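The primary structure of each chain is shown beneath.
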Amino acid sequence: MEQVRVRIAPSPSGNLHIGTARTALFNYLYAKKNNGKYILRIEDTDAERTSQEYIDNIFDSLKALGLSWDEGPDVGGEYGPYTQSERFDIYPKYAQMLVEKGFAYECFCTPEELEAEKEEATKNKQAYVYSKKCENLTEEEKEKLRAEGRKPAIRFSVSKAQKAFHNSSMLKFNDLVKGELHQDMDLIGDFVIMKSNGTPTYNFAVVIDDMLMKISQIIRGEDHISNTFKQILIYEALGAEIPQFGHLGMILAPDRSKLSKRHGATAVSEFVEKGYLIDALVNFVALLGWSPSDGNEIKSVDEIAQDFRIGELSASNSIFEYDKLNWMNSQYIKKLSLEELKERLKPFLEKYDLSELTEEQYSRMVEVTREPLTILSDITDAVPYFFGENVEIEESVKTDVLAAENSKKVLKEFVERAKNWSFDEETLHHKLEEFRGFFKEQGIKPKETMWAIRAAVTGRTRGADMCAILAILGKDKVIKRVNQCL
Ligand code: GLU
């Protein structure tokens, strides 16, 4: 078998979408499984929709996901991607070749003329296909149009390709994921391959590039199936070998509409900013189409690669369950070592002054707050009371716990006693037990006693282990906060 060469070919018209990340991952996995090469190509033929910011986001996101590409132009010891706008001089000669072979022709129609044709078709309730008005222009007619200042586009002649390579109007191919797919060529319509400004259209550039880059399998979303038929016709007309195609089902939101911002994050960088772990994200994204043969969904990329068979990918759509991603992320957070978690949480603690805590106190804070974390950014709101002299008390805590009739009594007694305590966790544990016992005898529930202290010290009714909080804050801060509350 020839070497497997696959590619991911994003258009930089936005930040790297999680759906494109899935396509990249499946190509990467396919290459890994087959000892192949995985290539990145930036498809920026549409200058208006392209921006450098998006290109950078695509690089950074792919790298962050561990989906770096295997080849490309050398940029200082690193591979750059292939970029279509840097290859504009390559495409015209292939278009010219198709014109010479009779599979393409110059089209002088103006946007207004084409619009009128479309309107006519709509009026007659017909699917629009180009009229082929320009296919048989004589040299003189063309000269005349040129003299008018018209610049021609180049169109592919579907009927010529059909006559040359097919006995019927049905174009078929065997999709690696979906099985046999077909399309009636009469409905395709002659499509533009070179625009009048001399740049290639997507369908043309993609074929020339895939041909020149010797791409063996094209794995991409099913929204490209209609393009695939056009692309096959171009390969045939060029006399080039046709790669295999595999089209993945779409990724839908939980409400089965197209996944969009209103459902939550959609760009890889957004997920990372929110504190999803890369390993969790990659694992989750793989499950949008791939299923593990042993039923165990939590898997590393290497394990997924071993178990990856393109023919077994789901041909239908996948639902992007944010809840499942959250669950999965929490599982991955639990698996992190304390040291690793401490590092990963730092970007989400920037609003606090970490230098207030010793290394040991920081470790303990993370240890006692990690359990409920779903995403790393949850830490931001989980720990404000570990920082600063004072604490902000939630309104409901003021009117509820702190307003309770026994609170004042409990807090006063606490200050009196705590003055003499040593603030290590073990001592605190015993002292608080005694303290609860003391009030229990007076008919105050242990829960109530602890609520009052927690409310005064943290401003909340829920949170991490109380002894740990008190020990981390230290005697002075704790007593100050309780006195302030009183
Ligand atoms: N540039 C296309 C896109 O972003 C993908 C092209 C392809 O995979 O053939 O949708």
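What you see is a predicted model; the values in this text were computed from it and never measured. (Residues numbered from 1 in each chain as written. Predicted model: local features only at pLDDT ≥ 70, side-chain atom pairs only at ≥ 80, totals over all residues. Heavy atoms only, no water.)

Novice: Give me the pairing of strand β7 (residues 153-156): which residues, what numbers.
Specialist: Looking along a regular strand, one sees side chains alternate from face to face of the sheet. The two faces of β7 match: Ala153 and Arg155 on one face and Ile154 and Phe156 on the other face are all buried. Pairing analysis gives four bridges linking strand β6 (residues 104-107) to β7, with the strands arranged antiparallel. From the neighbouring strand, alanine 104 faces β7, where its bridge partner is phenylalanine 156. Inspection of the sheet shows β7 paired to strand β10 (residues 192-194) by two bridges, in the antiparallel sense. (Buried < 20%, exposed > 50% of the residue type's maximum accessible area, 1.4 Å probe, protein only. Helix = DSSP H or I, 4+ residues; strand = E, 2+ residues; numbered from the N terminus. Pairing = 2+ DSSP bridges.)

Novice: Please set out the site of the ligand residue by residue, giving values where relevant.
Specialist: The local shell around the ligand consists of Arg7, Ala9, Pro10, Ser11, Glu43, Tyr202, Val206, Arg220 and His224. Within the contact set of the ligand, an oxygen atom lies 2.8 Å away from a side-chain nitrogen or oxygen of arginine 7. Side-chain polar atom of arginine 220 to an oxygen atom of the ligand: 2.6 Å apart, as the coordinates give it. Placement of the ligand is best described as lying within the largest pocket. Residue classes in the shell around the ligand are distributed as four nonpolar, two polar and three charged. (Near = heavy atom within 4 Å. Polar contact = N/O pair within 3.5 Å; in protein donor to acceptor, adjacent residues only side chain to side chain. 1 Å grid on protein atoms, 1.4 Å probe; cavity = no way out; pocket = protein on both sides within 12 Å on 5 of 7 lines; lining within 4 Å. Sits in = over half its atoms within 2 Å of the grid points. Nonpolar A, V, L, I, M, F, W, Y, C, P; charged D, E, K, R; others polar.)

Novice: Could you give an account of helix α19 (residues 446-458), with specific residues and numbers?
Specialist: Taking 1.5 Å as the rise per residue, α19 with 13 residues should run 18 Å; its terminal C-alpha atoms sit 18 Å apart, in good agreement. Taken residue by residue, α19 has Thr449, Met450, Ala452, Ile453, Arg454, Ala455, Ala456, Val457 and Thr458 as its buried positions. Backbone geometry just downstream of α19 places glycine 459 in the positive-phi region, at approximately 80°. (Expected span 1.5 Å × (residues − 1).)

Novice: Before we move on, can you summarise the pattern of salt bridges with the specific residues and values?
Specialist: The tally for this structure, following the rule as stated, stands at 38 salt bridges. The residue arginine 41 makes a salt bridge to glutamate 43 at a minimum N-O spacing of 2.9 Å. Classification of arginine 41 as buried rests on a relative accessible area of 0%. Note on glutamate 43: relative accessible area 6%, which makes it buried. A salt bridge links lysine 398 to glutamate 395; the nearest nitrogen and oxygen atoms lie 3.4 Å apart. Pair noted here: lysine 398 and glutamate 395 are both in helix α16 (residues 395-399), with a separation of three residues, about one helical turn. (Salt bridge = Lys/Arg side-chain N within 4 Å of Asp/Glu carboxyl O.)

Novice: Go over the packing of helix α17 (residues 407-418) against helix α21 (residues 475-485), please, and point to the residues and values.
Specialist: At a closest axis distance of 10 Å, the pairing of α17 and α21 adopts a crossing angle of 155°. Comparing their axes, α21 and α17 come out roughly antiparallel. The hand of the α17/α21 crossing is left-handed. In this structure, α17 uses Leu411, Phe414, Val415 and Ala418 to contact α21, whose residues at the interface are Lys475, Val478, Ile479, Val482, Asn483 and Cys485. Its residues assigned to classes, the contact of α17 with α21 comprises eight nonpolar, one polar and one charged. (Axes fitted to C-alpha atoms, helices over the stretch in contact; angles between N-to-C directions. Parallel < 35°, antiparallel > 145°, perpendicular 65-115°, else oblique. Left-handed = near helix turned anticlockwise from the far one by under 90°. Contact = heavy atoms within 4.5 Å.)

Novice: Lay out the sheet that holds β6 in plain terms, naming residues and giving numbers.
Specialist: On the basis of which strands lie adjacent, the open sheet formed by three strands has the order β6-β7-β10 and antiparallel pairing. Across the chains shown, the open sheet's two edge strands, defined by having one partner strand only, are β6 and β10. For this sheet, the mean inter-axis angle between neighbouring strands, taken without regard to orientation, is 45°.

Novice: Help me get a handle on the environment of lysine 142, residues and values and all.
Specialist: Within the element layout of this structure, lysine 142 appears in helix α5 (residues 139-147). C-alpha of lysine 142 to C-alpha of isoleucine 393: the two residues are 251 residues apart in sequence and 80 Å apart in space. Ignoring any residue separated from it by four or fewer positions in sequence, one finds lysine 142 in contact with Glu106, Phe108 and Leu137.

Novice: Could you give an account of the nonpolar core, with specific residues and numbers?
Specialist: Of all hydrophobic cores here, the largest spans 107 residues; its most connected members are Phe26, Tyr38, Phe320, Met365, Phe414 and Ile453. Tallying contributions element by element places helix α1 (residues 18-33) first for this core, with nine residues. Leaving out residues up to four positions away in the same chain, isoleucine 453 has contacts with Val410, Leu411, Phe414, Leu432, Phe435 and Met466. Judged by nonpolar contacts, the second largest core, of 39 residues, contains Phe204, Ala205, Phe229 and Ile232. (Core = buried A, V, L, I, M, F, W, Y, C linked by side-chain atoms within 4.5 Å.)

Novice: Break down the packing of aromatic side chains for me, with residues and values.
Specialist: A full pass over the atoms with the stated rule returns 19 aromatic pairs. For the ring pair phenylalanine 284 and phenylalanine 320, a centre distance of 4.9 Å and an interplane angle of 80° mean the geometry is edge-to-face. One end of the pair, phenylalanine 284, is in helix α10 (residues 278-286); the other, phenylalanine 320, is in the loop between β14 (318-319) and α12 (322-335), with 36 residues separating them in the sequence. With respect to class, phenylalanine 284 is no different from phenylalanine 320; both count as buried. Of the aromatic side chains, those joined through ring pairs into one cluster are Phe271, Tyr276, Phe284, Phe320 and Tyr322. The lysine or arginine in question, arginine 155, covers the ring of tyrosine 130, its NZ or CZ lying 3.7 Å from the ring centre. Over the aromatic face of tyrosine 332 sits the side chain of lysine 335, whose NZ or CZ is 4.5 Å from the ring centroid. (Phe/Tyr/Trp six-rings, centres within 6.5 Å; stacked < 30°, edge-to-face > 60°. Lys NZ or Arg CZ within 6 Å of the ring centre and 35° of its normal.)

Novice: Please set out unusual backbone geometry residue by residue, giving values where relevant.
Specialist: Of note, lysine 125 is a non-glycine position whose phi angle comes to about 55°, a positive value. Following the sequence through the fold, lysine 125 ends up in the loop between α4 (111-123) and α5.

Novice: Report on the sheet that holds strand β1 (residues 5-8), specifying residues and quantitative values.
Specialist: Spatially, the three strands line up as an open sheet ordered β1-β2-β5, and their pairing is parallel. Each edge of the open sheet carries a strand with a single partner, namely β1 and β5 (82-83). Pairing geometry for β1 and strand β2 (residues 37-42), over four bridges, is parallel. Residue pairing in the sheet places valine 6 in a bridge with tyrosine 38 of β2.

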